[in-house]
Amino acid sequence: MKVSLNWLKDYLDIELDPEKVSEVLTDIGLEVEGVEEVENIRGGLKNIVIGYVKTCAPHPDSDHLSVTTVDFGSGTDAQIVCGASNVAAGQKVLVAPIGTTLYTPEGETFEILRRKIRNIYSEGMICSEDEIGLGSDHSGIVVLPEDAPVGKPAREYYNISSDYVYEIGLTPNRSDATNHIGVARDLAAALKINYAHKGKLHLPSVEAFKVDELKHEVEVVVENEDACPRYAGVVLENVKIGESPDWLKQRLQAVGVRSINNVVDITNFILHELGQPLHAFDLNKIGGKKVIVKTLPGNTEFISLDENTRKLHQEDLMICDGNSAPMCIGGVFGGLGTGVSDATTSIFLESAHFNPLWIRRTSMRHNLRTDAAKVFEKGSDPNIAVYALKRAALLMKELAGASIASEITDLYPHPVEPKVVTVEFEQVRNLIGADISRDTIVDILESMEMKIVSETAEAISVAVPTDKVDVTRPVDLIEEILRIYGFNKVEVSNQIKTEITIGEYPSNEDLINTVAGLLTSNGFFEIMAVSLTKSQYFTNFDTGVAPEQLIQINNTSNVHLDIMRPMMLFSGLEMVVHNQNRQQSDIKAFEFGKSYLYNADKKIVETGHLTLFLSGNYRAESWHHAGEGKVDFYTLKAFVERILHRLGVNDYQSSPAEAPYFAQGLRYHRGDQPIVHFGQVQPAIVKGMEIREAVYFAEFNWDNLAKTAKKQKTTFTELNKFPNVRRDLALVIENSIKFEDIALISRKIGKKLLKEINLFDVYENESQLGKGKKSYAVSFVFEDPSKTLQDKEVDKVMKKLIEQFEKQLGAVIRR
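Residues numbered from 1 in each chain as written. Predicted model: local features only at pLDDT ≥ 70, side-chain atom pairs only at ≥ 80, totals over all residues. Heavy atoms only, no water.

(A) Local environment of the sheet that holds strand E36 (residues 673–681). On the basis of which strands lie adjacent, the open sheet formed by seven strands has the order E29-E32-E33-E37-E36-E35-E34 and mixed pairing. Edge positions in the open sheet fall to strand E29 (525–526) and strand E34 (653–656), since each of these has one partner strand only. In this structure, E36 lies alongside strand E37 (residues 695–701), joined through five bridges in antiparallel fashion. Of the residues in E37, the one forming a bridge with Gly 679 is Phe 697. Contacting strand E32 (587–598) and strand E33 (604–615), helix H14 (residues 508–520) crosses the sheet at an angle of about 145° to E32. (Pairing = 2+ DSSP bridges. Helix = DSSP H or I, 4+ residues; strand = E, 2+ residues; numbered from the N terminus. Contact = heavy atoms within 4.5 Å. Axes fitted to C-alpha atoms, helices over the stretch in contact; angles between N-to-C directions.)

The structure is reproduced here in structure tokens:
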């Protein structure tokens, strides 16, 4: 938000220099992110002085040039060659001496130098209006009155001053500081408390407001009082649309608002002065001379001021005429049909208060981030609507020749009263960490125009102004006190306090760091997504999440992020899309986060997760890794098992993944306790997200995995000095049997002697093996840490294995 120092000075006597004002604003929570010096005239007439033309004679080598002698108070006269037809001796003129920088109308600069003009040296320039930015007249030089003092800087003569514009990073909760008077009020409080300032604001008076002639009446009907708690308006006639005066254009220009005409400029001025958006309708274009505040059916077409045809949502609040024709998107954007034009002579001026939630949603739906919408969605002050209306009407009388032709219509069925908040003095001191006196606390509250409702020795109750919508609790009031008291006045203790804590090992953070280190060392990048997502994902795609499990939220900042994420899949897919759109299609990423769901009892279940995402090539393109190609299911499976092995979790069962968002996948679990499921994301989901490559996704139940990992004890054993023995076995089995079934039987039979089991070949041939059959080639490695194994010992174990494979799996051993 831009704030003009000169504009602030209209309401507050400020003697501090611009840099100090910037410091004070930042101290009270209005952080200044930048300061810019703004000049009403380009160059600000710097170095230009008033001169006296002593002599003026024709140039000997030119029929249109004159050679003059000019005194501009430097002690010596300067010879200046001038081409103006109106130059003459005895004139007071504006002179640009050597070294002065001037600006062309296009903004380019040139410096005045001593140079020859037709063999005669010229030591400066006598200026016309357009050459120095005073106007557009180029017919001749500027001739000043006779009493103009020679040598006086033109900047002082014309009372030209610079303005300083502060770029303030306004936080969303500061609804009270969206305007210059709001900032001035905060600044006045700080100056009064910390700089012995009177702290008195000079607010514009509206006592002169009165109806000139009661000639028009516009009926107003508000059908949706929740969306529009207050609506006020007044009719003005005899309006003369024209150019705004310089002071108004300068005020708006300073904050980056382009001047349009006097009526529109006044509404913009009020917005930045008081924080109250206004809208002016051409009275003659309001059908039935009636205004209805209502919603319209979805997909109703509306032509906005930018000449775009927009299809309305059924929850867009509209300002309609008596025929229910839309005239304006309430609080957001005006319509083309009823806007003020050069032909407008009568207007209906609107000043309303709209529900911030309605404005935010409509603004985001139509991507209309207007200044009015930004104010309304922060929460405008409902009790300033009529004051702003009167202030604007008086300005239109002054600047547009308007006359007030109706009483003010003000529909305000449920007035908003100041909220009374009570805070204890001791609570203020404890929370701020400073010994602030009772009198200082009271002074601060009064300086912020908070009316004292009651006061005891222990506490104080105040009525909080209705423009401070975020101040509702004692802690909010303490924050307001601290802002004005000054953050920098709170001393930082020199004491260092420590305490010894005893916690479990490994802690959850230890396990997270272990896994994060493993993954990053293998080329993964960590992502951190927000815990919010779009409900439309769970409408458009089959995810297995029921609608009643979704936790809806009222997110006014980003209306499309309307639920807590019930799973972490789509956060990662959005990351894949983001990278893919920036030519980064090779993805190896992981995230630690949480999912949120309602269970059957409508209680929120919060689950910790670790997710992996793979897509594209396994490595960046290189001749050295030319054969590795793209990631696949087994790439993901290897990383999943590497994580489990690193955490010492090796005892688990596997089964097919049941989640509908997997095209193929596995699920690892310990009994009924899920550990991880992983696989290839359904192509329909990938295509729906506009992702061009296959995506592989793993989701660990981190809560279960961490709990299991903490129970695992790391043991160290001496390297075995005795040789191991390997045996291979080929088994013909049904296609439904998994390697995990073979491994489970083997570990039970082999017990301590079996150290490794590995599937090293799979053979399928229906004509040789039979229908629905496959052959697994499995290796078994045996060793004994206390002796060299004998063949008969290994053969005995292998015999038992073969018996159990035949009995439990129906396997046929290939001899």
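Picking up where we left off.
(B) Layout of the pairing of strand E15 (residues 230–237). Counting buried positions over the eight residues of E15 gives eight, a clear majority of the element. The alternating pattern of E15 places Arg 230, Ala 232, Val 234 and Leu 236 on one face and Tyr 231, Gly 233, Val 235 and Glu 237 on the opposite face, and all of these are buried. The sheet contact formed by E15 and strand E23 (residues 347–353) spans seven bridges and is antiparallel. Within the sheet, the bridge partner assigned to Val 234 lies in E23 and is Leu 349. With three bridges joining them, E15 and strand E25 (residues 409–411) adopt antiparallel strand pairing. When the sheet's bridge partners are listed, Gly 233 is paired in E25 with Thr 409. By the bridge criterion, two bridges tie E15 to strand E24 (residues 403–404) in an arrangement that is antiparallel. (Buried < 20%, exposed > 50% of the residue type's maximum accessible area, 1.4 Å probe, protein only.)

(C) Representation of the packing of helix H11 (residues 425–432) against helix H13 (residues 474–485) within the structure. Between H11 and H13, whose axes approach to 10 Å, the crossing angle comes to 65°. It follows from the interaxial angle that H11 and H13 lie roughly perpendicular. Between H11 and H13 lies a crossing of right-handed hand. Every residue of H13 that contacts H11 at Gln 427, Val 428, Leu 431 and Ile 432 is listed here: Pro 474, Val 475, Ile 478, Ile 481 and Leu 482. For the contact of H11 with H13, the per-class residue count stands at eight nonpolar, one polar and no charged. (Parallel < 35°, antiparallel > 145°, perpendicular 65-115°, else oblique. Left-handed = near helix turned anticlockwise from the far one by under 90°. Nonpolar A, V, L, I, M, F, W, Y, C, P; charged D, E, K, R; others polar.)

(D) Expanded view of the pattern of salt bridges. For the coordinates displayed, the defined rule picks out 37 salt bridges. In this structure, the salt-bridge partner of Arg 310 is Asp 306, at a minimum N-O distance of 2.6 Å. Residue classification places Asp 306 among the partly exposed residues on the basis of a relative accessible area of 33%. Linking Arg 429 and Glu 426 is a salt bridge whose minimum nitrogen-to-oxygen distance equals 3.1 Å. On the criterion of helical spacing, the pair formed by Arg 429 and Glu 426 is a turn pair, its members being three residues apart in helix H11. Residue classification places Glu 426 among the partly exposed residues on the basis of a relative accessible area of 45%. (Salt bridge = Lys/Arg side-chain N within 4 Å of Asp/Glu carboxyl O.)

(E) Local environment of unusual backbone geometry. Even without a glycine there, the phi angle at Ala 196 is positive, about 55°. The topology assignment puts Ala 196 in the loop between helix H5 (180–194) and strand E14 (219–222). Taking relative accessible area as the criterion, Ala 196 reaches 75% and is therefore assigned exposed. One non-glycine residue, Lys 602, lies in the positive phi region at around 60°. Along the polypeptide, Lys 602 turns up in the loop between E32 and E33.

(F) Quick look at the nonpolar core. Ranked by size, the top nonpolar core spans 84 residues in total, and within it Leu 25 and Leu 236 carry the most contacts. Contact partners of Leu 236, with chain neighbours within four places excluded, come to Thr 345, Ser 346, Ile 347, Leu 349, Ala 393, Met 396, Ala 402, Ser 403, Ile 404 and Ala 405. Ranked by size, the runner-up nonpolar core spans 34 residues in total, among them Tyr 231, Ile 292, Ile 319 and Cys 328. (Core = buried A, V, L, I, M, F, W, Y, C linked by side-chain atoms within 4.5 Å.)

(G) Representation of the sheet that holds strand E41 (residues 812–813). Read across the open sheet, the four strands follow the order E39-E40-E38-E41; overall the sheet is antiparallel. What marks the edges here is a single partner per strand, and that holds for strand E39 (754–763) and E41. As paired elements, strand E38 (residues 725–734) and strand E40 (residues 773–782) share 10 bridges and run antiparallel to each other. Bridging from a neighbouring strand, Val 732 pairs with Ser 775 of E40.

Don't take any of this as a statement about function, it's just geometry.
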